[in-house]
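Examination of the molecular architecture
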Amino acid sequence: VPMISGRGLAHTGGTLDKLESIPGFNIHQPVAQVQRILASVGCCIMGQTETLVPADRVLYALRDATNTVDSVPLITGSIISKKAAESLTALVLDVKFGQAALYKDLASAKELAQSLMTVGNRMDVRTGAVLSRMDAPIGRCVGNSLEVIESLETLKGNGPGDLMELVTTLGGVLLMMTGRVSNLSEGSKQILEAVIGGAALSKFQAMMEAQGVASEIARALCSAHTDYYSILRKAQHQMELKTPKDGVVMNVDGLVVAEVLHKLGAGRSKAGEPVNHSVGVELLVSLGQKVTRGVSWLRLHYDSPALTPDQINLLQNALTLGSTEHTHTLLIVIKLIVIKLIVIKLIVIKLIVIKLIVIKLIVIKLIVIKLIVIKLIVIKLIVIKLIVIKLIVIKLIVIKLIVIKLIVIKLIVIKLIVIKLIVIKLIVIKLIVIKLIVIKLIVIKLIVIKLIVIKLIVIKLIVIKLIVIKLIVIKLIVIKLIVIKLIVIKLIVIKLIVIKLIVIKLIVIKLIVIKLIVIKLIVIKLIVIKLIVIKLIVIKLIVIKLIVIKLIVIKLIVMKLIVIRLIVTRE
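As a starting point, this report considers the structure included with it. (Residues numbered from 1 in each chain as written. Predicted model: local features only at pLDDT ≥ 70, side-chain atom pairs only at ≥ 80, totals over all residues. Heavy atoms only, no water.)

With that settled, the discussion passes to the overall build of the chain. Along the chain, the regular secondary structure elements total 15 helices and 11 strands. For the chain, whose C-alpha radius of gyration is 64 Å, the value lies well above the compact-globule estimate of 25 Å for 571 residues. By principal-axis analysis of the C-alpha atoms, the chain measures approximately 220 × 55 × 45 Å. Scored against the burial criterion, the 571 residues of the chain give a buried share of 33%. Put simply, 73% of the contacts in the chain that link residues at least 6 apart link residues at least 24 apart. Of the accessible surface of the chain, which amounts to about 35,300 Å², a share of 72% is contributed by carbon and sulfur atoms. Distance between charge centres in the chain, computed from 77 positive and 32 negative side chains, equals 65 Å. (Helix = DSSP H or I, 4+ residues; strand = E, 2+ residues; numbered from the N terminus. Rg over C-alpha atoms; globule rule 2.2 N^0.38 Å. Buried < 20%, exposed > 50% of the residue type's maximum accessible area, 1.4 Å probe, protein only. Contact = heavy atoms within 4.5 Å. Areas by Shrake-Rupley, 256 points an atom, 1.4 Å probe, with all protein chains shown as cover. Lys, Arg positive; Asp, Glu negative; His and termini not counted. Charge placed at Lys NZ, Arg CZ, Asp CG, Glu CD.)

Turning to the sheet that holds strand E11 (residues 319–322), a few remarks are in order. In space, the three strands of this open sheet follow the order E9-E7-E11, with antiparallel pairing throughout. Of all strands in the sheet, those with a lone pairing partner are strand E9 (290–291) and E11, marking the two edges. When strand E7 (residues 247–252) meets E11, the two strands line up antiparallel, connected through four bridges. In the sheet register, Val-249 faces E11, and the bridge partner there is Leu-321. (Pairing = 2+ DSSP bridges.)

Our focus in this paragraph is the sheet that holds strand E6 (residues 237–242). Pairing is antiparallel in the open sheet, where four strands are placed in the order E5-E8-E10-E6. Only two strands of the sheet have a single neighbouring strand rather than two, namely strand E5 (141–142) and E6. Pairing between strand E8 (residues 280–283) and strand E10 (residues 296–302): four bridges, direction antiparallel. Counted as the bridge partner of Leu-283 is Leu-298 from E10.

On to the packing of helix H11 (residues 254–266) against helix H12 (residues 309–317), then. Two elements in contact, H11 and H12, have axes separated by 9 Å at closest approach and are oriented at 155°. For the element pair H11 / H12, the angle class is roughly antiparallel. With respect to the hand of their crossing, H11 and H12 are arranged in left-handed fashion. Touching Val-256, Val-257, Val-260, Lys-263 and Leu-264 of H11 are Gln-311, Leu-314 and Leu-315, all from H12. (Axes fitted to C-alpha atoms, helices over the stretch in contact; angles between N-to-C directions. Parallel < 35°, antiparallel > 145°, perpendicular 65-115°, else oblique. Left-handed = near helix turned anticlockwise from the far one by under 90°.)

Applying the stated criterion across every chain yields a total of 10 salt bridges. Between Asp-303 and Arg-233 there is a salt bridge, and its shortest N-O distance comes to 3.0 Å. Taken together, the residues Asp-303 in the loop between E10 and H12 and Arg-233 in the loop between helix H10 (215–221) and E6 connect sequence positions 70 residues apart. A relative accessible area of 9% places Asp-303 in the buried class. Three or more residues are tied together by salt bridges with common partners; here these are Glu-240, Lys-242, Glu-282 and Arg-299. (Salt bridge = Lys/Arg side-chain N within 4 Å of Asp/Glu carboxyl O.)

Below, the discussion takes up the packing of aromatic side chains. All chains considered together, the criterion is met by zero aromatic pairs. Lying over the aromatic face of Tyr-229, Lys-234 brings its terminal NZ or CZ to 5.1 Å of the ring centre. (Phe/Tyr/Trp six-rings, centres within 6.5 Å; stacked < 30°, edge-to-face > 60°. Lys NZ or Arg CZ within 6 Å of the ring centre and 35° of its normal.)

Here Glu-282 lies in strand E8. At 2.7 Å, the side chain of Glu-282 forms a polar contact with the side chain of His-301. (Polar contact = N/O pair within 3.5 Å; in protein donor to acceptor, adjacent residues only side chain to side chain.)

Bringing the environment of Glu-282 into the picture now. For the pair Glu-282 and Glu-240, spaced 42 residues apart in sequence, the C-alpha to C-alpha distance is 9.2 Å. Excluding residues within four positions of it along the chain, Glu-282 makes contact with Arg-140, Cys-141, Leu-146, Trp-297, Leu-298, Arg-299 and His-301.

One finds Ile-22, Phe-25, Leu-152, Phe-204, Met-208 and Leu-221 to be the most contacted residues of the largest nonpolar core, which totals 30 residues. Sequence-distant contacts of Met-208, defined by excluding residues within four places in its chain, comprise Ile-22, Phe-25, Val-213, Ala-218, Leu-221 and Cys-222. Core analysis: the second largest hydrophobic core is formed by 25 residues, Val-249, Val-256, Val-291 and Leu-315 among them. (Core = buried A, V, L, I, M, F, W, Y, C linked by side-chain atoms within 4.5 Å.)

Before going further, it helps to examine the packing of helix H4 (residues 72–85) against helix H5 (residues 106–122). Their axes nearest at 10 Å, the elements H4 and H5 cross at an angle of 45°. Between H4 and H5, the crossing angle belongs to the class labelled oblique. In the packing of H4 onto H5, the handedness of the crossing is right-handed. The residues of H5 that touch H4, namely those facing Val-72, Ile-75, Thr-76, Ile-79 and Ile-80, are Glu-111, Leu-112, Ser-115, Leu-116, Val-119 and Gly-120. Among the residues making up the contact of H4 with H5, the classes are represented as seven nonpolar, three polar and one charged. (Nonpolar A, V, L, I, M, F, W, Y, C, P; charged D, E, K, R; others polar.)

A separate point is helix H9 (residues 199–210). Its 12 residues give H9 an end-to-end C-alpha distance of 17 Å, which sits within 8% of 16 Å, the value for a rise of 1.5 Å per residue. Looking only at H9, the buried set comprises Leu-201, Phe-204, Met-207 and Met-208. Looking straight down H9, one finds that the buried residues subtend no more than 120° of arc, so they occupy a single side. Buried residues in H9 make contact with helix H1 (15–19), strand E2 (44–46), helix H6 (144–155) and H10. (Expected span 1.5 Å × (residues − 1). Arc of directions from axis to C-beta.)

Our next topic: the pairing of E10. Across the seven residues that make up E10, a large majority, six, are buried. The sheet contact formed by E6 and E10 spans six bridges and is antiparallel. Residue Lys-242 lies in a different strand from E10, and its bridge partner there is Ser-296.

It is worth spelling out the environment of Ser-215 at this point. With respect to the helices, strands and loops of the structure, Ser-215 is situated in helix H10. Residues Ser-215 and Glu-273, spaced 58 residues apart in sequence, show a C-alpha to C-alpha distance of 30 Å.

Bringing the side chain of Ser-115 into the picture now. Along the polypeptide, Ser-115 turns up in helix H5. Side-chain polar atoms of Ser-115 contact the side chain of Thr-76, separated by 2.8 Å. Setting aside anything within four residues of it in sequence, one finds Ser-115 in contact with Val-72 and Thr-76.

Let us now look at the pairing of strand E4 (residues 126–133). Extensive coverage of E4 is indicated by the burial of six of its eight residues. Note that strand E3 (residues 90–97) and E4 share eight bridges and pair parallel. Counterpart to Phe-97 in the pairing with E4 is Arg-133. Following the backbone out of E3, through H5 and into the adjacent parallel E4, one traces a crossover that is right-handed. (Right-handed = clockwise from strand over helix to strand, strands pointing away.)

Next up, the structure:
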């Protein structure tokens, strides 16, 4: 239960001024600290800051100076801005009317209450109001420190009847608005039990400690027998006023009391002025009470300067004595407002239900739209994926065909090279065979020649042997003939050897020529193969380039189609 409150304006008291009469109580709390206090304690009372309703902080201080304290729009804006900043779920407002209130008549108070409820509910804060009469002061004390003392006594179960009635009624209405109870009497009963049982006092003590009050001070203020003036400041002087005659207390003019106290320092005339927390009054009588002449009915707490005679007369004339018993009714319109609150609650519940149905329909519509969009995106992604897969497949097929073509070309080249190598090998083998045949023929020829020569020599030797005797006589002639013959034979042999050498040389030249021709043919063939390979590579590069250009064109067409589809989808 957070509460952003304000300071005193004109003759009205300010909650923050009252709390600051407690030593150490810090009303300036950063948002993070407020959240920690709410989490640990459950309640916190603080003022406006530069970051928390800062505009209200300025306007609140200027309302005194500009004479706009009773402006309905400014009051509405000030109160609801603070309550909206508190993120409340429910709010009950105590709107005063009567002699001591800002609004003197019930109609003006109803106008303010209606304005506050309208704006509050529009800000999503469930707002209700209770109209309560305030001709005389509520309770027995008026003034900052004195009202703190009375509040503590009330939390201890010793509060005056009219104050307890107001507290239990406002609390009961709030419990009813939040659905904690079904009716006002049950809510009021729960609030009364919280006060009598001490739970409310313990919570106030915890809040004081959380907001800077020393533990021993908070504990002392909340103890059963407290010397309040050992902690709170006490005024230098006290004065008691006496009843002028016998009679029944009909009224105490709260406005007169407040105005006198304002002049004695309990309030401020300009923003920023200090207030005297010790100034105040204690009412020693209650409405409807019978009194006799000379009985003390008011105790005044003040500092210097002393009261003027006019001020004493004003206070004395604030007391109205009558001759008949009077029953004071505090909440004259409480039943009417409770009925109104129940109606407002039903209307609010109905509006919330309608709002939830509308939100549900909007959410369903958004979900359907989202699903359609997701479906379209999925379809689009599937189409894009299929196109990409198709392009990848086409690319793979093209690459496969190119690879197959290259493999075929490579196989053809390898086959040609193998055939060429086989042909070359066959030619070499043929040449070797031819060479071997030629060598063999030459060897055979030489053997034949040698055999012929050997045969001739053998024949010659036989002939020589046979005719040795016969030729002895003609030995010289025969020898000469033999010599001549040998010379001739030698010449023939030499001639044959020369012929053989010429033939071998011609064969070698022929082989060399054949080899050169073969090498030339091989070189020409290699050049032709190289040209074919270069041509194939050029053709391959042209094909790859054409494929790449085709893929780029396909990609551009696909991107253009996607962009056109996106534009159509967006429209």
